[in-house]
Amino acid sequence: MTSEQVASAPLDLGALIAARVRDIPDYPKPGVLFKDITPLLADHVAFAGVVDAIVNHYGRGTVDKVVGIEARGFILAAPVAYHFGAGFVPVRKKGKLPAATLEATYDLEYGTETIEVHQDAFTPGERVLIVDDVLATGGTAAATADLVRRAGGEVIGLSVLLELSFLNGRARLGDLPLHTLVNA
Ligand code: AMP
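Keep in mind that this is a model prediction, so the values were computed, not measured.

Visitor: I'm lost on the nonpolar core in this one. Help?
Guide: Nonpolar side chains in soluble globular proteins tend to be buried together. In this structure, Ile17, Val66, Phe84 and Leu161 are the most contacted members of the largest nonpolar core, which totals 28 residues. Only helix 2 (13–20), helix 3 (38–42), helix 4 (44–58), helix 5 (72–84), strand 7 (127–135), strand 8 (154–163) and strand 9 (178–183) provide two or more residues apiece to this core. With seven residues, the top contributor of residues to this core is helix 4. Counting 25 residues, the second largest nonpolar core, distinct from the first, contains Ile115, Val128, Leu158 and Leu178.

Visitor: Before we go on, may I ask you to explain the site of the ligand in this structure?
Guide: Taken together, 13 residues surround the ligand, and among them Asp132, Asp133, Thr137, Gly138 and Thr140 come closest. Contact distances for the ligand include 2.9 Å between a nitrogen atom and a backbone N or O atom of lysine 35. Take alanine 136: an N or O atom from its main chain is 2.9 Å from an oxygen atom of the ligand. Here the residues of the shell around the ligand are counted per class, giving five nonpolar, four polar and four charged.

Visitor: Could you clarify how one ought to interpret the pattern of salt bridges in this entry?
Guide: Where charged atoms from two side chains of opposite charge come close, those side chains can pair. Counted by the stated rule, this structure contains 10 salt bridges. Between glutamate 70 and arginine 92 there is a salt bridge; the shortest N-O distance is 3.1 Å. With glutamate 70 in the loop between strand 3 (65–69) and helix 5 and arginine 92 in strand 4 (residues 87–93), this pair connects stretches of sequence that are 22 residues apart. Taking the relative accessible area as the measure of exposure, glutamate 70 reaches 18% and is therefore buried.

Visitor: Hey, could you run me through unusual backbone geometry in this one?
Guide: Put simply, tyrosine 27 and proline 28 share a cis peptide bond, and its omega is 0°. For proline 28, the location among the structural elements is in the loop between strand 1 (22–25) and strand 2 (33–36). A positive phi angle, close to 60°, is found at aspartate 26, a residue other than glycine. Of note, asparagine 168 is a non-glycine position whose phi angle comes to about 55°, a positive value.

Visitor: Teacher, can you tell me more about the packing of aromatic side chains here?
Guide: For any two aromatic rings, the description comes down to two numbers: the centre-to-centre distance and the angle of the planes. Per the stated rule, a full pass over the model turns up three aromatic pairs. Consider the rings of tyrosine 27 and phenylalanine 34, whose centres lie 5.1 Å apart with planes at 80°: the pair is edge-to-face. Its relative accessible area of 45% is what places tyrosine 27 among the partly exposed residues.

Visitor: Would you take a moment to explain the sheet that holds strand 7 for this structure?
Guide: Hydrogen bonds along the backbone pair up the strands of a sheet, which may run parallel or antiparallel. One open sheet holds the seven strands; their spatial order is 5-6-4-3-7-8-9, and the pairing between them is mixed. Whereas interior strands pair on both sides, the edge strands pair on one side only; in this sheet they are strand 5 (101–107) and strand 9. This sheet shows a mean twist of 20° between the axes of neighbouring strands, independent of strand direction. Direction of pairing for strand 4 relative to strand 6 (residues 112–118): antiparallel, over a ladder of two bridges. By the bridge assignment, lysine 93 is partnered in strand 6 with isoleucine 115. Along the sheet, helix 6 (residues 139–150) contacts strand 3, strand 4, strand 5, strand 6, strand 7 and strand 8; its crossing angle with strand 5, the most-contacted strand, is approximately 155°.

Visitor: Explain the pairing of strand 9 here, please?
Guide: Within a regular strand, the side chains alternate between the two sheet faces. Where burial is concerned, most of strand 9 is hidden: five out of the six residues are buried. As defined by bridge partners, strand 8 adjoins strand 9 across five bridges and the pair is classed as parallel. Among the inter-strand pairings, leucine 158 is bridged to a residue of strand 9, identified as leucine 178.

Visitor: So what exactly am I meant to see when it comes to the environment of alanine 143 here?
Guide: Note on placement: alanine 143 falls in helix 6. Judged by its relative accessible area of 8%, alanine 143 is buried. With residues up to four places along the chain from it excluded, the contact list for alanine 143 reads Ala104, Tyr106 and Ile115.

What counts, and where the lines are drawn
- Residues numbered from 1 in each chain as written.
- Predicted model: local features only at pLDDT ≥ 70, side-chain atom pairs only at ≥ 80, totals over all residues.
- Heavy atoms only, no water.
- Core = buried A, V, L, I, M, F, W, Y, C linked by side-chain atoms within 4.5 Å.
- Buried < 20%, exposed > 50% of the residue type's maximum accessible area, 1.4 Å probe, protein only.
- Helix = DSSP H or I, 4+ residues; strand = E, 2+ residues; numbered from the N terminus.
- Near = heavy atom within 4 Å.
- Polar contact = N/O pair within 3.5 Å; in protein donor to acceptor, adjacent residues only side chain to side chain.
- Nonpolar A, V, L, I, M, F, W, Y, C, P; charged D, E, K, R; others polar.
- Salt bridge = Lys/Arg side-chain N within 4 Å of Asp/Glu carboxyl O.
- Phe/Tyr/Trp six-rings, centres within 6.5 Å; stacked < 30°, edge-to-face > 60°.
- Pairing = 2+ DSSP bridges.
- Axes fitted to C-alpha atoms, helices over the stretch in contact; angles between N-to-C directions.
- Contact = heavy atoms within 4.5 Å.

Here you go:
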């Protein structure tokens, strides 16, 4: 489907996302099927459709801050924040944020990962939406929700473009509401 065809037909966002996310076998290491969202980002109809779908799911005025998870989460979270009229907060890999941080460490398939957020990123009780591209095992999202809560934010939800359902990442999220655009 071309962008012109999409523009003149009712938008089937799920089908468009599925068509614009590219599977890259064995990247970044053997056995991983990497979900490459760059074709989706390059298609303005698909990109805008994703941003609008996330904002419309919650509604303007329901979110104070949108958290993006490094690095692809930044690309989706920033325009979502703009359309909410909300602020944007980055959660980054350890050592990348310049001011005082809180950190969370979680297990990966091999080894561990540590992520950080600025200590002063939220005022107490701010309503926070977390956005990322892919929910896989759920470790990154669970650690991000933990960081936001420790920094004083109230996590109202997690939105992801793709949920790799077979990895059951949602089981790691407790009662955090999960909004998934496409299951893969
Ligand atoms: P996880 O903590 O296992 O849920 O992994 C989620 C994080 O890793 C997200 O920030 C994703 O961007 C990235 N990720 C994990 N698996 C994939 C995959 N198969 N394709 C693309 N990104 C992935």
